[in-house]
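What the coordinates show
Chain residues, written in single-letter form:
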Amino acid sequence: MLFRSFDGNVALVRLNANGTLDTSFDGDGRVVFPMANDQSGFSLAVDPSGRIVVAGETTLADGSTDIAVWRFTSAGAPDTGFSGDGLVTQDFGGTSDLGSAVIVQADGRIVVGGSNSQEFGKAVLIRYNTDGTLDTRFDGDGVFTGYIDNGTSAFNALALAPNGDLIAGGKNFSGVSQDFAVMRFGALAGTLQASAGSAFSYTVPTDAFYAPDGSPLTLSASLAGGGALQIGRAHV
């Protein structure tokens, strides 16, 4: 499955194992979600029923952007069981709201991570029920917004721990340096999980991304057995 923006619209392409277009997907292997305004998709996930979920942004008439979430059926059609037309948008009142990551829980609920520009930029997590409505069990209203470490923040990656807890990775900018950050949220309620008496939150200084000779490094995160977080780095 490939996705991107095409002429300002979110587009999906599904390929067979040999690289040819899968014509069982919307008739020709391709589908475009038509909208009057520009839209972009940045992350894709497939739910337990084979439905395809895309997170990104949609541009409004005034040039600002809202978080957007699309869901398609396994056959490639916009899923009308998701908010009636296959699209949900979320406006936080800023000029730039962005959905950067999406993951689907085992029960089909959708979690989107991103950022909003309101109040100098907060990290955002949103959880939707399978029908596209906000899951109010998650942090009380379906939405978590906050600063990771008292700086401009964003979530760019999501993972699920073995017990269902949500791991959100992203960045925090203090005004001086930009750090890698990780936070952990409870599976059901979306509350920050405590570790050693305080909320689980970890930042990695910017200089962790460079070797002693100044060459850049990449950083990866994964979940080990029991839900322990492993962070590693390697030369680019």
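Refer to the preceding data block for the structure.
1. Brief notes about the sheet that holds strand β11 (residues 143-146)
- Read across the open sheet, the four strands follow the order β8-β9-β10-β11; overall the sheet is antiparallel. Looking at which strands have only one partner, the edges of the open sheet turn out to be β8 (98-104) and β11. The mean angle between the axes of side-by-side strands here comes to 15 degrees, regardless of whether they run parallel or antiparallel.
- Relative to strand β9 (residues 110-116), β8 runs antiparallel, the two sharing six bridges. Paired with Val102 across the strands is Val112, a residue of β9.

2. What about the side chain of Asp22?
- Positionally, Asp22 belongs in the loop between β2 (9-13) and β3 (30-33).
- Among the residues examined, Asp22 registers a relative accessible area of 14% and is labelled buried.
- If we skip the residues at most four places from it in the chain, Asp22 touches Arg14, Leu15, Asn16, Asp28 and Gly29.

3. What to know about the side chain of Thr58
- Counting through the fold element by element, Thr58 comes out in strand β5 (residues 52-59).
- You can call Thr58 buried: its relative accessible area is 2%.
- Leaving out residues up to four positions away in the same chain, Thr58 has contacts with Met35, Asn37, Asp38, Gln39, Ser64, Thr65, Asp66, Ala68 and Thr89.

4. Comments concerning the sheet that holds strand β6 (residues 65-72)
- Taken in spatial order, the four strands make up an open sheet running β4-β5-β6-β7, and their pairing is antiparallel. Of all the strands in the sheet, just β4 (39-46) and β7 (87-90) have a single pairing partner and so form its edges. On average, adjacent strands in this sheet sit at an angle of 20 degrees to one another, irrespective of strand direction.
- With four bridges joining them, β6 and β7 adopt antiparallel strand pairing. Bridge assignment links Trp70 to a residue of β7, and that residue is Leu87.

Quick notes on the rules
- Residues numbered from 1 in each chain as written.
- Predicted model: local features only at pLDDT ≥ 70, side-chain atom pairs only at ≥ 80, totals over all residues.
- Heavy atoms only, no water.
- Pairing = 2+ DSSP bridges.
- Helix = DSSP H or I, 4+ residues; strand = E, 2+ residues; numbered from the N terminus.
- Axes fitted to C-alpha atoms, helices over the stretch in contact; angles between N-to-C directions.
- Buried < 20%, exposed > 50% of the residue type's maximum accessible area, 1.4 Å probe, protein only.
- Contact = heavy atoms within 4.5 Å.

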